[in-house]
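# Architecture and fold: a report
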Protein chains: 2
Amino acid sequence: MAQVLDLNSIRSVLVRLEDTIIFSLIERAQFSRNARTYEPGAFATELLGWQGSWLEWILLGTEQFQSKARRYQSPDEYPFSKESDLPEPVLPPLEYEPVLHEPAITNVNDKIMAFYTHDIVPSITKSGDDLNYGSTATRDVETLQAVSRRVHYGMFVSESKYRADTETFNKAIKAKDVKTLESLITKPEVEAALLKRLERKARHYGQDESQGGSLHDMKVDPEVVVRMYRDHVIPLTKQVEVEYLLKRL
Amino acid sequence: MAQVLDLNSIRSVLVRLEDTIIFSLIERAQFSRNARTYEPGAFATELLGWQGSWLEWILLGTEQFQSKARRYQSPDEYPFSKESDLPEPVLPPLEYEPVLHEPAITNVNDKIMAFYTHDIVPSITKSGDDLNYGSTATRDVETLQAVSRRVHYGMFVSESKYRADTETFNKAIKAKDVKTLESLITKPEVEAALLKRLERKARHYGQDESQGGSLHDMKVDPEVVVRMYRDHVIPLTKQVEVEYLLKRL
């Protein structure tokens, strides 16, 4: 089996991404809410009629450039912008061993964008507008991209589990039995351990070490990080995993 | 005095940047050395004759885009690329209260690039090439930009100290007395405390919390972070501070 489908190696990627996501949230939380950056058309004058939000404009520019650096050739990277708006890579494609079944893409970035802007940003920032729109959007892009990678990595989880017990999965897939597929890929004790670990990490990284590690004044509320995973990241990953399996045959 | 020149507020920016810099180094250390991304002309074929390095190409693209989002209107942000290669902002300029004396710019980014690529990257990465050139450069850009902001922030330190004791500084500036200027802006006990704090932070953030916080397997060697500040960041900041003062009158 390809190394990328080894469950231990998948796990280490996902665990590592937890750190990246917490770091990014901490970085974002330095700035005010800056609600204007999320409003469609709020910068139409400056951006020559652009009807999306400031964040979407920054995302598009970032993704257009990263697309040239072949980011979206990687099977675990999916853009927030329309694929048709992105240029071709300038580098020759990396020779990825094809591990996912085609068509694999189940892009749920619109849902990630929705919960992030509506639920998470208001929960980790102080209200108001500090005019740091560029810095804000840069941090938002980093967080969104890390969360997106985390969620879409579910396809590797599915493929790995599918290969380990093809027969059982095939039966459920043919019957379009979503409930059984969900139970085949869900391990409640793993999820519980994940949320505990996440809480510990957020508390750890969020401490103000400048003061010798005092516990008040966390840079980001650990509860919000846990809630983000419990209510959004884990359910969305599961959705990606199941949709991938339903298209597997 | 403008709030940005309050020494406490300057200090909190610098202390906060320590976290950002350590986070960025940890993120970079996930990937291999990828020496090819630092070699001038190594991607000339793919990048249509580009004679700089892959990292410089990514920097230019990133900075061109961020320049549109008015990053370089901010008095604490300086580009690595040539200013003449950067487009005008699309947003109207933020009304920064002018706090630095003009001409303020002492851009030492070439020196930051040199110590980062020659000393720091080889010290925090495992040797070899994992072909993740896009990810590598993205992390490099984040680290370089954070370090650059840290170093150039020295101009605010200088201006703040200058305003607090104009007469003493004027005398040294007129005499081009670099030694005295250095001693006026240097506080050995503050530097010693900084290096201690940095070591503690790097150790704290670099622990693998997934394992419950074991001390082996640090994600980045705290000694390298301390060395980077002691041998590079602090001396370069001092150079920026002194050069700023020499142009102050």
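Here the residue index of a chain counts from 1 through its sequence in written order. Labels follow written order: the first chain is A, the first ligand is 1, and so on. In keeping with the model being predicted, local features are shown solely for residues with a pLDDT of at least 70 and side-chain atom pairs are shown and tallied solely at 80 or more, while totals for entire chains, interfaces and linings include all residues. Here the side-chain values reflect all heavy atoms present in the structure, with hydrogen atoms and water set aside.

### So, the confidence of the model for chain A
The condition is simple: Within a predicted model, pLDDT stands for the predictor's per-residue confidence, ranging from 0 to 100. To qualify as a helix, a DSSP run of H or I must reach at least 4 residues; to qualify as a strand, a run of E must reach at least 2; elements of each kind are numbered from the N terminus.
Put simply, chain A has an average pLDDT of 91, and 94% of its residues get 70 or more. Ranking the helices and strands of chain A by mean pLDDT puts helix H3 (residues 109–124) of chain A first, with 98, and helix H1 (residues 7–28) of chain A last, with 91.

### With respect to the packing of helix H6 (residues 166–174) of chain A against helix H7 (residues 178–185) of chain A
Each packed pair of helices is defined by two parameters, the angle between the axes and the distance between the axes. Residues and elements named next belong to chain A. Using the following cut-off: For helices, the fitted axis covers only the stretch in contact; all axes are lines through C-alpha atoms, and the angles between them, taken along N-to-C directions, range from 0 to 180 degrees. Roughly parallel here means an angle under 35 degrees, roughly antiparallel means over 145, roughly perpendicular means 65 to 115, and every remaining angle is called oblique. Note: crossing handedness is left-handed where the near helix turns anticlockwise from the far helix by less than a right angle, and right-handed where it turns clockwise. Every residue pair with non-hydrogen atoms within 4.5 Å of one another is taken to be in contact. Any residue that is not Ala, Val, Leu, Ile, Met, Phe, Trp, Tyr, Cys, Pro, Asp, Glu, Lys or Arg is counted as polar, Gly included; the first ten are nonpolar and the last four charged.
One can describe the packing of H6 onto H7 by two numbers: an axis separation of 8 Å at closest approach and a directional angle of 150 degrees. In terms of axis orientation, H6 runs roughly antiparallel to H7. Helix-helix and strand crossings are classified by hand; for H6 and H7 the assignment is left-handed. Counted together, Thr168, Phe169, Ala172 and Ile173 of H6 and Thr180, Leu181, Leu184 and Ile185 of H7 form the full contact between these two elements. Each residue belonging to the contact of H6 with H7 can be placed in one class, and the counts come to six nonpolar, two polar and no charged.

### Some thoughts on the relation of the copies chain A and chain B
In summary, the two copies of the chain are related to each other by a rotation about an axis coupled with a shift along it. Note the following rule: Least-squares superposition of the copies uses the C-alpha atoms of those residues scoring a pLDDT of at least 70 in each of them.
Superposing chain A onto chain B requires a rotation of 180 degrees together with a translation of 0.0 Å along the rotation axis, leaving an RMSD of 0.0 Å. Accordingly, the operation relating the two chain copies is best matched by a two-fold axis. When the interface residues of chain A are mapped onto chain B, 100% of them are again interface residues, pointing to one common binding face.

### Some details on unusual backbone geometry
Residue and element names in this part refer to chain B. Here is the rule we go by: Burial status follows relative accessibility: with a 1.4 Å probe on protein chains alone, a residue under 20% of its type maximum counts as buried, one over 50% as exposed, and anything between as partly exposed.
Its identity is not glycine, yet Leu131 carries a phi of approximately 70 degrees, on the positive side. In this fold, Leu131 is placed in the loop between helix H3 (109–124) and helix H4 (133–152). Accessibility expressed as a relative area gives 41% for Leu131, which makes it partly exposed. Its identity is not glycine, yet Lys176 carries a phi of approximately 50 degrees, on the positive side. On the secondary structure map, Lys176 appears in the loop between helix H6 (166–174) and helix H7 (178–185). In this structure Lys176 comes out as exposed when scored by relative accessible area, which is 67%.

### Observations regarding the packing of aromatic side chains
Each aromatic ring pair is summarised here by two numbers: the centre-to-centre distance and the angle between the ring planes. Inclusion rule: Note on aromatic contacts: the rings of Phe and Tyr and the six-membered ring of Trp form a pair at centre separations within 6.5 Å, being stacked when their planes are under 30 degrees apart, edge-to-face when over 60 apart, and tilted otherwise. Charges are assigned to positions over rings by a cutoff of 6 Å between ring centre and Lys NZ or Arg CZ, combined with an angular limit of 35 degrees from the ring normal.
Counted under the stated rule, the structure contains 16 aromatic pairs over all chains. Centroid distance B:Tyr162 to B:Phe169: 6.1 Å. Interplanar angle 55 degrees. Geometry classified as tilted. B:Phe169 matches B:Tyr162 in its accessibility class, with the two residues each being buried. An aromatic cluster of three or more residues is present, and its members are A:Phe43, A:Trp54, A:Trp57, A:Tyr133 and B:Phe65. The side chain of B:Arg36 reaches across the aromatic face of B:Phe43, ending 4.0 Å from its centre.

### Some points on the side chain of A:Arg139
Rules: Counting rule applied: Lys, Arg positive; Asp, Glu negative; His and chain ends not counted. In the sections that follow, a salt bridge refers to a side-chain nitrogen of Lys or Arg positioned within 4 Å of a carboxyl oxygen of Asp or Glu.
Among the secondary structure elements, A:Arg139 is positioned in helix H4 (residues 133–152). Buried within the structure, A:Arg139 lacks any salt-bridge partner; its nearest side chain of opposite charge belongs to A:Glu27, at an N-O separation of 4.0 Å.

### Thoughts on H4(A)
Test applied: The length a helix should cover is 1.5 Å for every residue beyond the first.
Here H4(A) spans 28 Å end to end across 20 residues, near enough to the 28 Å set by a 1.5 Å rise per residue. Counting buried positions over the 20 residues of H4(A) gives 16, a clear majority of the element.

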